[in-house]
There are 2 protein chains.
Amino acid sequence: MGGVTERDHGTGTDPTTETPAAYDRDDGPPAHGSDFLQLDAGHAPPGGKADWLVRQLRRAMADGRLTVGSRLPPTRVLAAELRVSRGVVAEAYRRLTEDGHVEGRRRGGTVVVAVSPAPPSSRPPAPIAPERAAPDSLFVGAPGPDVFDALRAAPSRIDFTPGRPDLTAFPRSAWLRAERAVLTGLAAEHLGYGDPRGAPELRRAVAGWLARGRGIRVEPDEVLVVAGTAQALTLLHPVLAADGIDAVAVEDPGSLGTRQHLEYGGLATPPVPVDDDGVRVDALRATGARAVLLTPAHQFPVGVVTSGERRRELLRWAADGGLIVEDDYDAEHRYDRPPVPALRGLLDDRVCYLGSVSKLLAPALRIGWMVPPRRHRDALVAAKRFTDLGNAVLPQLVLARLMESGGLERQLRLLRGRHRRRRDAMIHALAGHLPGAVVHGAAAGLHLTVTYAPDVPDTELAAAALARGVKVQPLSWHRQLPGRPGLVLGYAATPAGVIAEGVAALGEALRALAA
Amino acid sequence: MGGVTERDHGTGTDPTTETPAAYDRDDGPPAHGSDFLQLDAGHAPPGGKADWLVRQLRRAMADGRLTVGSRLPPTRVLAAELRVSRGVVAEAYRRLTEDGHVEGRRRGGTVVVAVSPAPPSSRPPAPIAPERAAPDSLFVGAPGPDVFDALRAAPSRIDFTPGRPDLTAFPRSAWLRAERAVLTGLAAEHLGYGDPRGAPELRRAVAGWLARGRGIRVEPDEVLVVAGTAQALTLLHPVLAADGIDAVAVEDPGSLGTRQHLEYGGLATPPVPVDDDGVRVDALRATGARAVLLTPAHQFPVGVVTSGERRRELLRWAADGGLIVEDDYDAEHRYDRPPVPALRGLLDDRVCYLGSVSKLLAPALRIGWMVPPRRHRDALVAAKRFTDLGNAVLPQLVLARLMESGGLERQLRLLRGRHRRRRDAMIHALAGHLPGAVVHGAAAGLHLTVTYAPDVPDTELAAAALARGVKVQPLSWHRQLPGRPGLVLGYAATPAGVIAEGVAALGEALRALAA
């Protein structure tokens, strides 16, 4: 037998490969050199290995490769990798300890506590820069693509940014318990590359959730797990392009965030006015757009519920070849009105449904789902595959457990009680501090929209509020068409007492500007 | 004072909003109707509410909205939502229990155990379909965009698919401990929307990891956390397009998976031959491409380490205006050779570095990082923002802890020992069962590439192996240029004994085909 040989056969050979015979020799660990700083003791002078190692470590501290807090490898490990005696490494660490560079911390290992005076050319350790440095300019001019990052990074005492549930209610213990159960029972193969459509367990759980709570009957195979609604919109870009769709009509007022996502994908976003019954279908037809993004259950930001007659009009428009993208972003949170089933349940081949846990648990989880019309499914799976090969598996399985066990429903009931009290506190405070303001959309959701009487631009009011430490979004950010100034005020993430204080500050700001 | 009033001010009013006065009346829970199946007891005949509820639940079981395993809400909760007495709900559940539809399970609640005979129009509960139904055609013709999904879904006894570390070694306890610590210490605001660049804690940890282990000195601000290398490539598409780059040269042989990602983005992928020193820079120049995707530390699939002279040639090419995308996919796993620092450490404004934990911990985590040239950073952050608003936060913080505590380095040392033994087992088995085969790239990584003597197409060999229950990738999948047939054999995820059995089956398959 020829055995396994290593010869040149054109492309594809590897000079570093050895024959099996070489591996059979038991001549110590064959790997040489350490990944740690790419040290190779072959460069050390004989008899001066500890000196050499001290020099290498000092240099790494000086040039920034080792920073304060970095951990040195255990002496045993580094000695083996460098093929030096353990005493050489211990001696080097001892000398660095004596001159104050490192410190031994029993089980914490050996840690860098001070770095050498940097040579002039090296950079000082830079602080992590904020995402955008100038909150002063936040409300000046048209909002740019990083405006929400900049708003989030702006310091404030009180944050009325909409779109977040009560984050202190996140079920940390239940999440951890579910994760322990998942990790205990998980076959190792599920830690490999997975199904780009999402874990079957979660798709099944979402299908049940939608059937019970949103009036949508789907098979698990029709559900695509995505990294939130933001990703769902991005995945739609190539699918819409393939259909020759270059414009998606949007509600006006309507979410700036989702509009930015569509525009980033090169799509036009013609605005369609919203009235008391929902989006105006006559105006939608007039845009000529073949797709529309809607929030039928609780219009963002003004909170209209699309009426029955308007739903029928919309379905007729869709039956003529239109595509409805249904952003069901906070439909689960309702207080004073009956549940509104999703449009997707009525017209499954013309509605692409989007949902997420951002408003049920936490936006930081980045888990959502889409239920597209059948004809778009394969293209969306391909888009998801090439975007990220599918969502991370562990959080999907944890969420599936919370959905199947009833834990997510309990969470929703808990949130509903809290949010309702906070909403009431905000309405009460607005009555006291912004007399004449009109509240919109209070029957459901996580935010209120208020319009107010004085003729003060809402961007100026938002800037003045931020100067007083209160973060709000101006309603005009969410408009393309002219309309009354206003503010979008998230209440769900803020305790009632703080809400009162924040609204008082808004009132002061408005009075000061109107004076 | 006018108080908060609800009037029509053109667009943006909401007929469902009530004045604060209405909320002050304590007239019971104002929400009416239940999200659960959108039930509204207003539709129930007086005196027949239990009958009505039983009918509604039976109908939902018949039409698929309630499937076996679905949980009914607690009687107390459903009664409150429907504004009926708890006895009505209990009576309905009792009758469904008696006729065998549901079952009470103490703490598990009331669960559907059998559904009514479905009416003819309703669909049977469909099984979750495999991602692609026909493994027979897997190795026929050019591999399509879903080929890796299809390969993964194909049943097998032994799986030599490359690219996965030993998944049984995933540090489940350490992960869970770190997650507990993260959840205990986490401020609630970090559960909201986050920095699209990634959590500062992880960017800091990755910067330290790259400085210590890969010879790359970066500030945390230069690190962008992404959902794996697959996403990194997708994020590059708009950035390259903005630079007028419509082709990214690739190694040949070279990863089919990464090539598919580039092609999905509309980029051409001219092949550049690889020889014993790495990619041929003269051939790269000849393509005219202004960008190239490389695996310099351990070329995929043949395992060549780019030589010092070739590195210098590459850097000269890049200095002339070329962009190197450095896919450092498995550089941490090396056995018989010194560490190879990343190219990014040598030329930071022409190299975009990509790394991930897929080969260190698990692909299912979907966490990776990129360190782009400074001029591409803002565009990549925008691309990440609009793709998914940033990676999920909790797993980032858990990983940061594992990196900072030395846990990830310990994991790597553990894996290195195991993988080395598995590699040796595979080489030994190949010597016995595929005499005459040539092994490539064994000094590092998670896979071997073998080329073999008989003139049997490797797709036929892979198909014959799969028929024998052994899953392998044909080398020709990873080629655009003609070359010897071969197989890419992942060993890291398979125990030594199973490796021997799988390689024996490969030998049988090859002998049968060559006969």
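Here the structure is a predicted model, which means the values were calculated and not measured.

Cut-offs applied
- Residues numbered from 1 in each chain as written.
- Chains lettered and ligands numbered in written order.
- Predicted model: local features only at pLDDT ≥ 70, side-chain atom pairs only at ≥ 80, totals over all residues.
- Heavy atoms only, no water.
- Least-squares fit on C-alpha atoms with pLDDT ≥ 70 in both.
- Contact = heavy atoms within 4.5 Å.
- Axes fitted to C-alpha atoms, helices over the stretch in contact; angles between N-to-C directions.
- Helix = DSSP H or I, 4+ residues; strand = E, 2+ residues; numbered from the N terminus.
- Parallel < 35°, antiparallel > 145°, perpendicular 65-115°, else oblique.
- Left-handed = near helix turned anticlockwise from the far one by under 90°.
- Salt bridge = Lys/Arg side-chain N within 4 Å of Asp/Glu carboxyl O.
- Buried < 20%, exposed > 50% of the residue type's maximum accessible area, 1.4 Å probe, protein only.
- Pairing = 2+ DSSP bridges.
- 1 Å grid on protein atoms, 1.4 Å probe; cavity = no way out; pocket = protein on both sides within 12 Å on 5 of 7 lines; lining within 4 Å.
- Points joined across faces, edges and corners; volume = space filled by probe spheres on them.
- Nonpolar A, V, L, I, M, F, W, Y, C, P; charged D, E, K, R; others polar.
- Expected span 1.5 Å × (residues − 1).
- Phe/Tyr/Trp six-rings, centres within 6.5 Å; stacked < 30°, edge-to-face > 60°.
- Buried area = accessible area lost by both parts, 1.4 Å probe.
- Polar contact = N/O pair within 3.5 Å; in protein donor to acceptor, adjacent residues only side chain to side chain.
- pLDDT = per-residue confidence, 0-100.

1. Things to note about the relation of the copies chain B and chain A
Of the transformation superimposing chain B on chain A, the axial component is 0.0 Å and the angular component is 180 degrees, with the fit at an RMSD of 0.1 Å. The superposition of one copy onto the other is thereby described by a two-fold rotation axis. Residue by residue, 100% of the interface of chain B is reproduced at the interface of chain A, so both copies engage with the same surface.

2. What about the packing of helix α3 (residues 75–82) of chain B against helix α4 (residues 86–98) of chain B?
Residue and element names in this part refer to chain B. The interhelical angle for the contact between α3 and α4, taken along N-to-C directions, is 125 degrees, at an axis separation of 8 Å. Compared by their axis directions, α3 and α4 come out oblique. Crossing hand, α3 versus α4: right-handed. Here Thr 75, Arg 76, Leu 78 and Ala 79 of α3 lie close against α4, whose contacting residues are Arg 86, Val 89, Ala 90 and Tyr 93.

3. Some thoughts on the pattern of salt bridges
Residue and element names in this part refer to chain B. Under the defined criterion, the tally for this structure stands at 70 salt bridges over all chains. Linking Arg 95 and Glu 91 is a salt bridge whose minimum nitrogen-to-oxygen distance equals 3.7 Å. Here Arg 95 and its partner Glu 91 are both found in helix α4, 4 residues apart, which amounts to about one turn of the helix. Taking the relative accessible area as the measure of exposure, Arg 95 reaches 25% and is therefore partly exposed.

4. A look at the sheet that holds strand β14 (residues 447–451) of chain B
All names here are of chain B. The antiparallel open sheet is built from 4 strands, whose spatial order is β13-β14-β17-β16. Taken across any chain shown, the strands that pair with only one partner, and hence form the sheet edges, are β13 (438–440) and β16 (473–474). The sheet contacts of helix α14 (residues 407–433) involve β13, β14 and β17 (486–490), and relative to β14 the element is tilted by about 15 degrees.

5. Here's the deal with empty space enclosed by the protein
Enumeration according to the criterion identifies 10 cavities of 30 Å³ or more in this entry. A:Asn391, A:Ala392, B:Arg366, B:Asn391 and B:Ala392 are, among the 20 residues lining the largest cavity, the residues nearest its centre. Counting only elements with at least two residues in the lining of the largest cavity, the list comes to α13 (393–404) of chain A together with α13 (393–404) of chain B. Among the residues forming the lining of the largest cavity, the class breakdown is 10 nonpolar, 6 polar and 4 charged. A volume near 120 Å³ is recorded for the second largest cavity. What lines the second largest cavity is a set of 14 residues, among which A:Glu179, A:Leu394, A:Pro395, B:Glu179 and B:Pro395 lie closest to the centre. Counting residues per element, the ones that place at least two in the lining of the second largest cavity are α6 (172–185) and α13 of chain A together with α6 (172–185) and α13 of chain B. Top element by residues in the lining of the second largest cavity is α13(A). It accounts for 3 residues.

6. Some remarks on helix α12 (residues 377–388) of chain B
All names here are of chain B. Taking 1.5 Å of rise per residue, 12 residues should cover 16 Å, and α12 covers 17 Å from first to last C-alpha, within 8% of that figure. In terms of residue burial, α12 counts as a mostly covered element, since 10 of its 12 residues are buried. When α12 is considered as a whole, its buried residues turn out to be Arg 377, Leu 380, Val 381, Ala 382, Ala 383, Lys 384, Arg 385, Phe 386, Thr 387 and Asp 388. Phi turns positive one or two residues past the end of α12, at Leu 389, with a value near 65 degrees.

7. Comments concerning the packing of aromatic side chains
Evaluated as defined, the whole model comprises 10 aromatic pairs over all chains. Considering the side-chain rings of A:Tyr264 and B:Phe386, the 4.5 Å spacing of their centres and the 20 degrees angle between planes classify their relative orientation as stacked. Here the residue A:Tyr264 occupies a position in helix α9 (residues 256–264), and B:Phe386 occupies one in helix α12, the pair thus bridging two chains. Residue B:Phe386 is classed as buried on the basis of its relative accessible area of 3%. Clustering of aromatic rings is evident, with ring pairs tying together A:Phe139, A:Phe148 and A:Trp477.

8. Digging into the interface of chain B and chain A
Facing 152 residues of chain B, the contacting portion of chain A comprises 153 residues. When the buried area of chain B at its contact with chain A is split by residue, B:Tyr193, B:Arg217 and B:Phe386 rank highest and sum to 7% of it. At the junction of chain B with chain A, the criterion picks out 6 salt bridges. In this assembly, chain B and chain A are joined by 42 residue pairs in polar contact (both at pLDDT 80 or more). Here the side of chain B that touches chain A gets 9 residues from one element, more than from any other, and that element is α14(B). Classifying every residue of the side of chain B that touches chain A gives 67 nonpolar, 38 polar and 47 charged.

9. Some details on the pairing of strand β7 (residues 271–275) of chain A
All names here are of chain A. As paired strands, strand β6 (residues 249–252) and β7 are joined by 3 bridges and run parallel to one another. The residue bridging Asp 252 from the neighbouring strand is Pro 273, located in β7. Where β7 and strand β8 (residues 278–279) come together, 2 bridges link them in antiparallel fashion. For Val 274, the partnering residue across the bridge sits in β8 and is Val 279. Hairpin geometry of β7 and β8 is characterised by an intervening segment of 2 residues between the two adjacent antiparallel strands.

10. Side note on the environment of A:Met370
Residue and element names in this part refer to chain A. Structurally, Met 370 can be placed in strand β12 (residues 368–371). Exposure remark for Met 370: the relative accessible area of 0% places this residue in the buried category. Along the backbone, Met 370 and Ser 356 are 14 residues apart, and their C-alpha atoms lie at a distance of 8.6 Å. Once you skip the residues sitting within four places of it in the chain, Met 370 turns out to touch Glu 222, Val 223, Leu 224, Val 226, Ala 232, Leu 235, Leu 236, Cys 352, Tyr 353, Leu 354 and Leu 380.

11. Some remarks on the confidence of the model for chain A
Residue and element names in this part refer to chain A. Mean pLDDT over chain A stands at 88; residues scoring 70 or higher make up 90%. Low pLDDT, under 50, characterises residues 118–128; the predicted model gives this stretch 14 contacts beyond four residues in sequence or across chains. Under a pLDDT of 50 for its full length, residues 130–134 has, in the predicted model, 11 contacts with residues more than four places off or in other chains. Reported confidence for the predicted complex is 0.87 by ipTM and 0.88 by pTM.

12. A short note on the side chain of B:Thr387
Counting through the fold element by element, B:Thr387 comes out in helix α12. Since its relative accessible area comes to 9%, B:Thr387 is described here as buried. Aside from chain neighbours lying at most four places away, what touches B:Thr387 is A:Ala230, A:Gln231, A:Thr234, A:Thr387, B:Gln231 and B:Leu235.

13. Describing the sheet that holds strand β3 (residues 109–112) of chain B
Ordered in space as β1-β3-β2 (chain B), the 3 strands form an open sheet in which the pairing is antiparallel. Sheet topology places β1 (71–72) and β2 (102–105) of chain B at the edges, where each strand pairs with a single neighbour.

14. Focus on the packing of helix α8 (residues 228–242) of chain B against helix α9 (residues 256–264) of chain B
All names here are of chain B. Look at α8 against α9: their axes get within 9 Å of each other, and the N-to-C directions meet at 30 degrees. In terms of orientation, α8 and α9 fall into the roughly parallel class. For the pair α8 and α9, the sense of crossing is right-handed. Where α8 abuts α9, its residues Ala 230, Leu 233, Thr 234 and His 237 lie against Thr 258, His 261 and Leu 262. Taken together, the residues of the contact of α8 with α9 sort by class into 3 nonpolar, 4 polar and no charged.

15. A look at α3(B)
Helical geometry: 3.6 residues make up each α-helical turn, so side chains three or four residues apart lie on a common side. Summarising burial for α3(B): 6 of the 8 residues are buried, a large majority. What α3(B) keeps buried is the set B:Thr75, B:Val77, B:Leu78, B:Ala79, B:Glu81 and B:Leu82. As for α3(B), its buried residues are in contact with α14 (407–433) of chain A together with α2 (49–62) and α4 of chain B. Looking one or two residues beyond α3(B), the residue adopting positive phi is B:Arg83, at roughly 55 degrees.

16. With respect to the environment of A:Glu326
All names here are of chain A. Its location among the elements puts Glu 326 in strand β10 (residues 323–327). Separated by 26 residues in sequence, Glu 326 and Phe 300 place their C-alpha atoms 12 Å apart. In this structure Glu 326 touches Leu 294, Pro 296, Ala 342, Leu 343, Arg 344, Val 351, Cys 352, Tyr 353 and Leu 354, once residues within four positions along its chain are discounted.

17. What about the environment of B:Ser405?
In this fold, B:Ser405 is placed in the loop between α13 and α14. Once the C-alpha coordinates of B:Ser405 and B:Ala205 are considered, the two residues, 200 residues apart in sequence, prove to be 9.8 Å apart. Setting aside its immediate chain neighbours within four residues, B:Ser405 contacts A:Arg71 and B:Arg410. Of the polar contacts made by the side chain of B:Ser405, one reaches the backbone nitrogen of B:Gly407; its length is 3.2 Å.

18. Regarding unusual backbone geometry
A negative phi angle is the norm for most residues apart from glycine, just as the trans form is the norm for most peptide bonds. Residue and element names in this part refer to chain B. The omega torsion across Asp 252 and Pro 253 is -5 degrees, close enough to zero to call that bond cis. Along the chain, Pro 253 turns up in the loop between β6 (249–252) and α9. A cis amide bond, omega 5 degrees, links Phe 300 with the succeeding residue Pro 301. In this structure, Pro 301 sits in the loop between β9 (291–294) and α11 (308–319).

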